[in-house]
Amino acid sequence: MALTLGIETSCDETSVALVENGRHVLANVIHSQVDLHREFGGVVPELAARDHLERLPHLLDLAFEQAGASPDDVGLIAVTRGPGLAGCLLVGVGVAEGLGAAWSRPVSGVNHLWGHIYAAMLTRPELEPPLLGLVVSGAHSDLVRMPEHGRFEVIGRTRDDAAGEAFDKAARMLGLGYPGGPALDRLARSGNPDRRRLPRPSLAGLEYSFSGLKTALLYRLRDLGEDITDQDRADLAAAFEQSVVESLLEKLDQCLPTRGEVARRTGGRIQEVVICGGVAANTLLRRRAAEVVSGRARLTMPPPELCTDNAAMIAAAAWPPPSVGRSAAPEAQPGGGNHSPIHVDPSLGWS
Ligand code: KG4
Ligand code: ZN
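Residues numbered from 1 in each chain as written. Chains lettered and ligands numbered in written order. Predicted model: local features only at pLDDT ≥ 70, side-chain atom pairs only at ≥ 80, totals over all residues. Heavy atoms only, no water.

Caption draft 1: Local environment of the overall build of the protein chain. The helix and strand inventory of the protein chain stands at twelve helices and ten strands. Here the C-alpha atoms of the protein chain give a radius of gyration of 20 Å, agreeing with the 20 Å that 2.2 N^0.38 yields for 351 residues. Seen through its C-alpha atoms, the protein chain measures out along the principal axes to roughly 65 × 50 × 30 Å. Going through the 351 residues of the protein chain one by one, you find that 56% of them count as buried. Of the contacts formed within the protein chain by residues at least 6 apart in sequence, a portion of 72% connects residues at least 24 apart. Here the protein chain has roughly 14,300 Å² of accessible surface; of this, 50% comes from carbon and sulfur atoms. Positive and negative charge centroids in the protein chain, built from 34 and 43 side chains respectively, lie 8 Å apart. (Helix = DSSP H or I, 4+ residues; strand = E, 2+ residues; numbered from the N terminus. Rg over C-alpha atoms; globule rule 2.2 N^0.38 Å. Buried < 20%, exposed > 50% of the residue type's maximum accessible area, 1.4 Å probe, protein only. Contact = heavy atoms within 4.5 Å. Areas by Shrake-Rupley, 256 points an atom, 1.4 Å probe, with all protein chains shown as cover. Lys, Arg positive; Asp, Glu negative; His and termini not counted. Charge placed at Lys NZ, Arg CZ, Asp CG, Glu CD.)

Written as structure tokens, this is what we have:
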């Protein structure tokens, strides 16, 4: 068996995966630290790092058990090297390098953002670039062109808050606590956006901005004051969600074929569209995206458990190892012995 062992510890999910030929998930175990951070209303980096370290040994055992595999079956170890929380990344990379040395296997440092895109290739193993990606997570709202494996060009991004960050802050304002995005998604299902409309942020070009929308929500909540009802909250959640989703899809729409000028910016005809990252788990975004892309390109949205952080996508992004051919993971090192360490970069961008 040619298995890739994936390790993801960039933020508040500890995950270990075993993936066959970079595309078939045999195990993808994920431990969410939500309960650990809830009382603080957000991720506490020190606690997160320590918890990753404590959980990893057990999660490794679980992954091998679920896959029915042993370390002998592993040909490559892939670990997130950034972006993310420095202490958390160091835990994953330290463990990966330790295993690489012990098992004499190469270790590959993977860009977490690339990983989100490669989650789509776990969903459809035959999917190949060129493609257009909309990566919407807690820290990013990026429109990227991927002309070939290992190459990404950012063509649009947010000026201020990322979509996930906006959902999390709005959820806090609505009294939903942490983690905000999924809670807001659930509340919005019982709301009517037309009863409490919020502005749809709209900038020229392919830029996003969500901070004005956040302020609009704050003012609405202030106007309602103590008299706010549960239905008002649900209506506002639905209105907020609708504004974010419409804004995200408006720019994607401009990139798709038959839209003239802006479509050309994506370098010709786009046939494959990938929407991924934690926010791609959102119910309304999934439904609306299918409508917008339908008949114009092929849309791949990973299932919700592959949209949020997981190690299978990290394993997928590292495949195949450089010795096999194209390199999606330029810093892969020969394991065991004197290989140079993986360079951890908490603020890593797309390149
Ligand atoms: O990709 P991800 O798991 O971690 C990062 O790389 O940031 O994304 C996490 C973000 C959080 O902001 C979370 O609130 C948001 O994704 N999110 C959602 C949903 N599920 C997760 N936002 C809206 N609706 C959801 N169902
Ligand atoms: Zn992520």
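So much for the structure itself; the text now carries on.
Caption draft 2: Geometry of the layout of surface pockets. Taken as a whole, the largest pocket spans an internal volume of roughly 1,100 Å³. Every element with two or more residues in the lining of the largest pocket is listed here: α4 (112-123), α5 (163-173) and α6 (180-188). Among the elements that take part in the lining of the largest pocket, α5 stands out by supplying six residues, more than any other. Its residues assigned to classes, the lining of the largest pocket shows 14 nonpolar, 17 polar and eight charged. (1 Å grid on protein atoms, 1.4 Å probe; cavity = no way out; pocket = protein on both sides within 12 Å on 5 of 7 lines; lining within 4 Å. Points joined across faces, edges and corners; volume = space filled by probe spheres on them. Nonpolar A, V, L, I, M, F, W, Y, C, P; charged D, E, K, R; others polar.)

Caption draft 3: A look at the sheet that holds strand β8 (residues 151-156). Strands sit in the order β8-β7-β6-β9-β10 across an open sheet of five strands; the sheet is mixed. On the outer flanks of this sheet lie β8 and β10 (298-300), each paired with one strand and no other. With direction set aside, neighbouring strand axes in the sheet form an average angle of 25°. Inspection of the sheet shows strand β6 (residues 131-136) paired to strand β9 (residues 272-276) by four bridges, in the parallel sense. Bridging across to β9, L134 finds its partner in I275. Against the sheet, helix α8 (residues 230-255) makes contact with β6, β7 (141-148), β8 and β9, and its axis sits at roughly 170° relative to β6, the strand it touches most. Sheet strands touched by helix α10 (residues 283-293): β6, β9 and β10. Its angle to β10, the strand with the most contacts, is close to 165°. (Pairing = 2+ DSSP bridges. Axes fitted to C-alpha atoms, helices over the stretch in contact; angles between N-to-C directions.)

Caption draft 4: Focus on the nonpolar core. Among the nonpolar cores identified, the biggest contains 49 residues, and V136, L143, F240, L248, I275 and L285 are the most heavily contacted of them. Residue contributions to this core peak at twelve residues, all from α8. The contacts of V136, once residues within four sequence positions are left out, are S141, A163, L248, I275, C276, G277, G278, V279, A280 and L285. If you look at the next biggest cluster of nonpolar residues, it comprises 31 residues, including A17, V19, L122 and A316. (Core = buried A, V, L, I, M, F, W, Y, C linked by side-chain atoms within 4.5 Å.)

Caption draft 5: Representation of the site of ligand 1 within the structure. In the vicinity of ligand 1 there are 19 residues, among which H116, G138, D168, D185 and G278 approach most closely. Here an oxygen atom of ligand 1 sits 2.8 Å away from a polar atom, N or O, in the main chain of G138. In the model, an oxygen atom of ligand 1 is placed 3.0 Å from a nitrogen or oxygen of the G278 main chain. Judged by the proximity of its atoms to the pocket grid, ligand 1 belongs to the largest pocket. Listing elements by their share of the shell around ligand 1, those giving two or more residues are α4, α5 and α6. Among the residues forming the shell around ligand 1, the class breakdown is six nonpolar, ten polar and three charged. Residue assignment places the shell around ligand 1 across two domains, with domain 1 (3-125 + 306-318) and domain 2 (131-303) each supplying three or more. (Near = heavy atom within 4 Å. Polar contact = N/O pair within 3.5 Å; in protein donor to acceptor, adjacent residues only side chain to side chain. Sits in = over half its atoms within 2 Å of the grid points. Domains from an automatic or database assignment.)

Caption draft 6: The arrangement of the environment of T258 in detail. With respect to the element layout, T258 can be found in the loop between α8 and α9 (261-265). Classification of T258 by relative accessible area gives exposed; the value is 72%. For T258 and R296, which are 38 residues apart along the polypeptide, the C-alpha to C-alpha distance reads 8.3 Å.

Caption draft 7: The arrangement of the coordination of the zinc ion (ligand 2) in detail. Taken together, H112 (NE2), H116 (NE2) and D309 (OD) make up the full set of protein donors to the zinc ion (ligand 2), lying 2.0 to 2.1 Å away. Written as a sequence motif, the donor residues of the zinc ion (ligand 2) are H-x3-H-x192-D. With a gap of 193 residues between them, H116 in helix α4 and D309 in the loop between α11 (304-307) and α12 (312-317) connect regions that are remote in the sequence. (Donors = N, O, S within 2.8 Å, 3.2 Å for Na, K, Ca; no water.)

Caption draft 8: Just the side chain of D235, in detail. By the element assignment, D235 lies in helix α8. Its relative accessible area of 2% is what places D235 among the buried residues. A polar contact is formed between the side chain of D235 and the side chain of R195, at a distance of 2.7 Å. Every residue in contact with D235, bar those within four places of it in the chain, is listed here: G191, N192, P193, R195 and R196.

Caption draft 9: Region of the structure containing the pattern of salt bridges. Throughout the structure, instances matching the rule amount to 22 salt bridges. Across the salt bridge formed by R124 and E272, the nearest N and O atoms sit 3.0 Å from each other. Highlighted residues: R124 in the loop between α4 and β6 and E272 in strand β9, separated in sequence by 148 residues. Residue R124 is classed as buried on the basis of its relative accessible area of 12%. Of the charged contacts in the structure, one is a salt bridge between D161 and K169, with a shortest N-O distance of 3.4 Å. The exposure class assigned to K169 is partly exposed, which follows from its relative accessible area of 27%. One salt-bridge network, held together by shared partners, links R200, E246, E250, R288 and E291. (Salt bridge = Lys/Arg side-chain N within 4 Å of Asp/Glu carboxyl O.)

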